[in-house]
Amino acid sequence: MEDKFQKIVRDLGEGIVIVNFKEEFIFANSSACKIFDVPNGKLINKTLKDFVDDEEWKKVLNQTSKRKIGEPGKYHLEINTNNHNKKMLLVTAKPEYNESGEVIDTVAVFFDITENINEHKKLKEFNQQFEELEGQLFEQAIEADIRKKEAEKLLKHFNDSINYAKTIQYSLLPSLSHLNKMLTKDVFVLYKPKHTIGGDFYYMKRRDDSIIFAVADCTGHGVSGALISMLGITFLNDIIDQNLLFNSSEILSKLRKKIKHTFKEYGNDFQNKNGMDIALCIISLKTNMMQFSGAFNPLYIIRNNELTEYKATKNPIAYYPVEKEFESHNIQLFKNDTFYLFSDGFQDQLGGESEKKYSKKKFREFLLKIHKEDMTEQKKLLEKEFVSWQSENDQVDDMTVMGVKWD
Amino acid sequence: MKQNKTKNKPFINLSLNLCKIEIKGPSYSEDIDDIYAEIIKWMQDNIPKMKCELICEFHFNILNSISHKNLLQIFSLLSEFSEKGKKMKIVWYADKNDEDILELADDISELFNLQFKVVEK
């Protein structure tokens, strides 16, 4: 029985030693020898001092003093083995008594927990890194949140500003009821800027028995176009208010002079591309005579199912290398004439199956097809045609079409 | 200077060695004015250095008004160089039945003393 017990003790995975109060090994099982990197049986008579540094030695002495007064203990001990490996042991030690109840030595059971400790260290380092990273991420998230809020604030500010600009721009464009009242005719305006605000504008003013109206397309679109459109509307008002007798070509050349003068103050000619293309008409309500002048933008009249194009002068309301006088066309209007002023946004729209320009030709054909409908219907049909041609494509430019039925 | 075509910017190929200026495609991006400013600067710097006959090829479809005005500046510059004796060949391509682009060729030939060929494709 005794032998069997000793065999178990010898072969256990845990190291078991008995150490006297001089810290000499008086018993060591094979696992203990293995942990200390000592051949089996060779730990006997060696002292623990050979395997520990000063710091750990103090710990050992401190522990032994507890054994002497009968206290058990559990502690970590770092040893330098016979092969100079540093190992961490978890030691459970108990005092051993003789028959008369005196403490004679220490029995200690220990495990090599070096690997556990290393794992633990690694885990701890990993945890630390993770916590650091988490902290950084948290800070970044806070920063991103601040930036996002700033961006949202800027965007809101920008949108508020643009939307207010839109309110201003639209308030300078005559309303449909205003147009109908002024003309006493059926009118539609399809006005679709590429962005919230745009460089297209339409204009109508009544002077006694005459109506002056126009559709213009300013250079640029968005904010830049809208700024020039403000100038266009202001200058047209100035010109028309200050001149008692006028004709369409005269209005355009006065407008060109003002635009050129305004921009010339601050740059050379060619840098001043700023300006507009425009189609402008004056109708005498007494005589039904219409006068038309265009700067690049023509006028279409449909009469008896035939479309006539009144060509514009090939000059913009802006600086141009070869300046021409604007021509004016005089046209007698008849009942059921339908006429259209427009910017090039409709005909230039990319789309269709092969992503082509809508084209002037198609635009004329479409107007011919719909010109007999009432004006509200025509507007709807044009809008539908535009949207279906555009499909998934971006809108190329600001787009305006004004139609009038002379009934 | 070389730039690939995008949905709103033309293909641009400017070569000093080949004495070539090619601008082809749509021209209506938001930054198109800056692109033409670069082209015009390149022309001013490089055309005087060219040793061979200058070949210009243009093929537009959509030109916004800013591009239109820049194009006039390009032709104005070409006619200046032509008057100074620079030999050049200009080809103006247009899509078949593209009225605007064909009309623009007429306008340009009216405005500047330059010989150029119009080819409908």
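Residues numbered from 1 in each chain as written. Chains lettered and ligands numbered in written order. Predicted model: local features only at pLDDT ≥ 70, side-chain atom pairs only at ≥ 80, totals over all residues. Heavy atoms only, no water.

Q: Could you give me a rundown of the interface of chain B and chain A, with the residues and numbers involved?
A: Opposite the 24 residues of chain B that make contact, chain A presents 27 residues. The salt bridge involving Glu103(B) is made with Lys360(A); its shortest N-O contact spans 3.6 Å. Applying the counting rule to chain B against chain A returns nine residue pairs in polar contact (both at pLDDT 80 or more). Every element with two or more residues in the side of chain B that touches chain A is listed here: β4 (54-63), α2 (65-83) and α3 (99-111) of chain B. (Contact = heavy atoms within 4.5 Å. Salt bridge = Lys/Arg side-chain N within 4 Å of Asp/Glu carboxyl O. Polar contact = N/O pair within 3.5 Å; in protein donor to acceptor, adjacent residues only side chain to side chain. Helix = DSSP H or I, 4+ residues; strand = E, 2+ residues; numbered from the N terminus.)

Q: Summarise the state of the cysteines; cite the residues concerned and give the values.
A: All names here are of chain B. Using the criterion set out here, one finds one disulfide over all chains in the structure. Each sulfur in the disulfide pair Cys 19 and Cys 52 lies 2.0 Å from the other. Classification of the bridge connecting Cys 19 and Cys 52 rests on its S-S torsion, roughly 90°, and on that basis the disulfide is right-handed. Note that Cys 19 is positioned in the loop between β2 (11-15) and β3 (20-27) and Cys 52 in the loop between α1 (32-46) and β4, a separation of 33 residues in sequence. (Disulfide = S-S within 2.5 Å.)

Q: Now, about the pairing of strand β12 (residues 306-310) of chain A: what can you tell me, with residues and values included?
A: It is a general feature of regular strands that their side chains alternate between the two faces of the sheet. All names here are of chain A. In the sheet, strand β11 (residues 299-303) pairs with β12 via five bridges, with the strands oriented antiparallel. Within the sheet, the bridge partner assigned to Ile 301 lies in β12 and is Thr 308. In textbook terms, the turn of a hairpin is the stretch between consecutive antiparallel strands, and for β11 and β12 this stretch comprises two residues, one of which, Asn 304, has a positive phi near 50°. (Pairing = 2+ DSSP bridges.)

Q: Talk me through the sheet that holds strand β13 (residues 329-332) of chain A; I want residue IDs and the actual numbers.
A: All names here are of chain A. Strand order across the open sheet formed by five strands is β7-β8-β9-β10-β13, with antiparallel pairing between neighbours. With partners counted over all chains shown, the strands left at the sheet margins are β7 (200-207) and β13, one partner each. The sheet shows a mean angle of 15° between the axes of neighbouring strands, direction not considered. This element, helix α6 (residues 222-242), spans β7, β8 (210-218) and β9 (276-284) of the sheet and lies at about 15° to β7. In the packing of helix α7 (residues 248-264) onto the sheet, the strands contacted are β8, β9 and β10 (289-295), and the crossing angle to β9 comes to about 145°. (Axes fitted to C-alpha atoms, helices over the stretch in contact; angles between N-to-C directions.)

Q: Can you explain the sheet that holds strand β17 (residues 399-406) of chain A? Please cite residues and give values.
A: All names here are of chain A. Read from one edge to the other, the open sheet built from five strands follows the order β6-β17-β14-β11-β12, with strand pairing classed as antiparallel. Pairing within the sheet leaves two strands with one partner each, and these edge strands are β6 (186-192) and β12. On average, each strand axis in the sheet is inclined to that of its neighbour by 15°, with strand direction left out of account. Sheet topology note: the β11/strand β14 (residues 337-342) ladder contains three bridges and is antiparallel. Looking across to β14, one finds that Tyr 300 is bridged to Tyr 340. Along the sheet, helix α5 (residues 176-183) makes contact with β6 and β17, crossing β6 at roughly 145°. Across the sheet, helix α9 (residues 375-390) touches β6, β14 and β17, and the angle it forms with β6 is around 25°.

Q: Provide a residue-level description of the packing of aromatic side chains, including the pertinent values.
A: On inspection of all chains with the given rule, the structure shows 25 aromatic pairs over all chains. Pairing Phe25(A) with Phe51(A) gives two aromatic rings, centres 6.4 Å apart and planes at 70°, and the pair type is edge-to-face. In this pair, Phe25(A) is assigned in strand β2 (residues 25-28) and Phe51(A) in the loop between α2 (30-35) and α3 (54-68), connecting sequence segments 26 residues apart. Comparing Phe25(A) with Phe51(A), the two get one shared label, buried. Consider the rings of Phe58(B) and Trp92(B), whose centres lie 6.1 Å apart with planes at 45°: the pair is tilted. Pair noted here: Phe58(B) is in strand β4 and Trp92(B) is in strand β5 (residues 88-94), with a separation of 34 residues, a long-range link. (Phe/Tyr/Trp six-rings, centres within 6.5 Å; stacked < 30°, edge-to-face > 60°. Buried < 20%, exposed > 50% of the residue type's maximum accessible area, 1.4 Å probe, protein only.)

Q: Lay out the nonpolar core with the relevant residues and their values.
A: In terms of nonpolar packing, the biggest core is built from 51 residues, with Phe213(A), Met290(A) and Phe339(A) touching the most fellow members. Setting aside anything within four residues of it in sequence, one finds Phe213(A) in contact with Tyr203(A), Met204(A), Ala279(A), Leu280(A), Cys281(A), Ile283(A), Met290(A), Phe339(A), Leu341(A) and Met402(A). With 41 residues, the next largest nonpolar core counts Ile32(B), Ile47(B), Leu72(B) and Leu114(B) among its residues. (Core = buried A, V, L, I, M, F, W, Y, C linked by side-chain atoms within 4.5 Å.)

Q: Can you explain the pairing of strand β6 (residues 117-120) of chain B? Please cite residues and give values.
A: Residue and element names in this part refer to chain B. With four bridges joining them, β5 and β6 adopt parallel strand pairing. Each bridged residue has a counterpart across the sheet, and for Trp 92 the counterpart in β6 is Val 118. Once the chain exits β5 it traverses α3 before rejoining the sheet at β6, and the crossover so formed is right-handed. (Right-handed = clockwise from strand over helix to strand, strands pointing away.)

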